[in-house]
Amino acid sequence: MRFHLEGRLVLSGDISKAASDIPAFIEEANATVLVKGAPAGKGARVGLFNVKGDTLEVTIDSDEFVRSHDALVRLAKLFGQRFGRKLAVGVRRVEADNYLIEMELEREPLQLARIPFVETLRFDGKRCTVTFGKLDEKFLSEKYVDRILTLIKDKVNAQHYAGKSEHWEQVFRSPERPALTDQDPTALLEKEGWIRRGASRGQWIFGPEMTRLFRTFERIVERELLEPLGFQEMIFPKLEPFSVWERSGHAKGIYPEVYYVCPPKSRDPAFWEEVIDHYRITNEVPLEKIRDRLDLPVGGMTYAQCPALWTFFQGRTIANDRMPIRVFDRSGTSHRYESGGLHGIERVDEFHRMELVWLGTRQQTVETATALAEGYRRIFEAFLELDWRMARVTPWFMAQERLVGDADQSEIGTTDYEGRLPYRKGTAEEWLEFQNVSVNGTKYPRGFTVKLQSGEPLWSGCSGIGLERWAAVFVAQKGMDSAAWPAGVRGPYGGTPRGIRFL
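The rules behind these values
Residues numbered from 1 in each chain as written. Predicted model: local features only at pLDDT ≥ 70, side-chain atom pairs only at ≥ 80, totals over all residues. Heavy atoms only, no water. Core = buried A, V, L, I, M, F, W, Y, C linked by side-chain atoms within 4.5 Å. Buried < 20%, exposed > 50% of the residue type's maximum accessible area, 1.4 Å probe, protein only. Contact = heavy atoms within 4.5 Å. Pairing = 2+ DSSP bridges. Helix = DSSP H or I, 4+ residues; strand = E, 2+ residues; numbered from the N terminus. Salt bridge = Lys/Arg side-chain N within 4 Å of Asp/Glu carboxyl O. Expected span 1.5 Å × (residues − 1). Bend = angle between axes of the 7 residues up to and from the residue. Axes fitted to C-alpha atoms, helices over the stretch in contact; angles between N-to-C directions.

Engineer: Sorry, what's going on with the nonpolar core here?
Structural biologist: In globular proteins that are soluble, nonpolar side chains generally tend to be buried together. Of all hydrophobic cores here, the largest spans 54 residues; its most connected members are M210, L213, L356, Y376, F380, L384 and W470. Once residues lying within four places of it in the same chain are set aside, the contact partners of L384 are F217, I220, I379, W470, F474, K478, P486 and V489.

Engineer: For this particular structure, what's the right way to read the sheet that holds strand β11 (residues 239-241)?
Structural biologist: Remark on secondary structure: sheet strands pair via backbone hydrogen bonds, oriented parallel or antiparallel. Pairing in this open sheet of three strands is antiparallel, and the strands run β11-β13-β12 from one edge to the other. The strands lining the two open edges of the sheet, one partner per strand, are β11 and β12 (260-261). As paired elements, β12 and strand β13 (residues 299-301) share two bridges and run antiparallel to each other. Within the sheet, the bridge partner assigned to Y260 lies in β13 and is G300.

Engineer: Got a minute to help me understand the pattern of salt bridges in this structure?
Structural biologist: Oppositely charged side chains are able to pair whenever their charged atoms sit close together. In this structure the tally under the stated criterion is 35 salt bridges. Here R93 makes a salt bridge to E95, at a shortest N to O gap of 2.5 Å. Using a relative accessible area of 11% as the deciding quantity, one classes E95 as buried. For D329, the salt bridge is made with K238, and the minimal N-O distance between the two is 2.9 Å. With D329 in strand β15 (residues 325-329) and K238 in the loop between β10 (232-233) and β11, this residue pair connects regions lying 91 residues apart in the sequence. Comparing D329 with K238, the two get one shared label, buried. When salt bridges with common partners are traced through the structure, they connect R8, R93, E95, D97 and K134 into a single cluster.

Engineer: Sorry, what's going on with the pairing of strand β22 (residues 459-466) here?
Structural biologist: Each regular strand shows side chains that alternate between the opposite faces of the sheet. Along β22, eight of the eight residues are buried, which leaves the element largely enclosed by surrounding structure. Residues W459, G461, S463 and I465 line one face of β22 and the alternating positions S460, C462, G464 and G466 line the opposite face, and both faces are buried. Relative to β22, strand β17 (residues 350-360) is paired through eight bridges, and the arrangement is antiparallel. The residue of β22 that forms the bridge with E355 is G464. Examined bridge by bridge, strand β20 (residues 431-441) and β22 share four bridges and lie antiparallel to one another. By the bridge assignment, V439 is partnered in β22 with G461.

Engineer: Could you clarify how one ought to interpret helix α6 (residues 208-229) in this entry?
Structural biologist: Residues that lie three or four places apart on an α-helix share one face, since the helix turns once every 3.6 residues. Taking 1.5 Å as the rise per residue, α6 with 22 residues should run 32 Å; its terminal C-alpha atoms sit 30 Å apart, in good agreement. Along α6, the helix axis deviates most sharply at E222, where the bend reaches about 45 degrees. A positive backbone phi angle near 75 degrees is found at G230, which sits one or two residues after α6.

Engineer: Would you take a moment to explain the sheet that holds strand β4 (residues 91-104) for this structure?
Structural biologist: Within the open sheet, the six strands sit side by side as β2-β3-β1-β4-β6-β5. Their pairing is antiparallel. Looking along the sheet, the strands with just one partner apiece sit at the ends: β2 (44-52) and β5 (120-124). Direction aside, the axes of adjacent strands within the sheet are offset by 15 degrees on average. Pairing of β5 with strand β6 (residues 127-132), which is carried by five bridges, proceeds in the antiparallel orientation. Directly across from T120, in β6, lies its bridge partner T131. Contacts between helix α1 (residues 22-31) and the sheet are confined to β2 and β3 (55-62), with β2 contributing the most and set at about 160 degrees to the helix. Across the sheet, helix α4 (residues 144-160) is in contact with β1 (2-11), β4, β5 and β6; its angle to β4 comes to roughly 25 degrees.

Laid out in structure tokens, this is it:
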């Protein structure tokens, strides 16, 4: 990497009279603070410099060991130490007018990337050249430049990361089991009145028959997984502030899929009187008038369910005798704006699931994941009798955070469980992911500053049981006649309840 910066120190007073002292100061900086922490012969160096009244102009060239923007900040600190008392002059701010960076990428970009704050971005094969215009002190001192360079690398790598199909390895395939139907499960359920579309997009209302099937799945999971492994029930928040997503890592990219929550600017009825009166007169909700009275979003409806739990542990040290911690939540819905991907009950904006989270040492976390994997396999084989498969995949955060192929993180990853949809036979959508188990390593404990009493690294894992997707796979293969269902489901289901009939 190569960095070339044209910047300046803006001072609190004129230093023209001390101009003769500046060459020695620059020489000292080049020999000390600008190479501190770098290998011999590496680091940053001030080349040209010039004194103009209350400004010291400099050009700084560097490598990746001491980047030029960091060098400018170091230079400012040294100036204060050397001249603050002597001249009664301090550094008011640091600025840059031009900044050029060249770096080598791991791969050639497949298309141009758009990056905020960048003046020009050019690629020549794997060679990337970035230029910035005028930059203020906050931009230079708070790692904005470093994050932009990382963002460029991540965007280029993401162009080559086309999704799970490139990082998918089948590890188990059940016996092929004959399906009792070849119909779309959503169409079947809707026709028989077990479900009806809700008033909101991507939302369903589940009748007594379908709700009993959901509860049957839950009872099986409780009996076969949660109780034997000692999982305890908790209630996680369903509104997730941005501060949670910043720590969990979701703030890096979930914006197109979030249902945002905006509080009112005021609860004063007089502030809302025009809105109320407008509706009373027109019988129409004045959306634009409401929008004008909303404050900025504070966050969104729960997206991944488990991140909000981590504020319970945030900044705390957990006692060794409580390890491993195993908890689950089933207290409410999760929400994702699925855009054009809506389909039936398996791809919705509002969905129901049991979220399992566990914390422990590395060994305990991996052991829990293994026990869950064995339990799911037993449920899908002996109880639901599904046609299914299991695959090891690369989770999104590993690709995003550059953990792919890291030997120290080899146990981190996600196992997906996919069920066959007979009505989609021969298509790319024949298999539906309906379950997963993830070992997340130190990602969440590190993000929320959670420690273990012993000092060992704290690891965690999570597993989401999506009830809509379990039902979609089950009904797609087993149909709606509960008398023909496998005994492992038919028994706890107890027969189809008396549903609601319309005239």
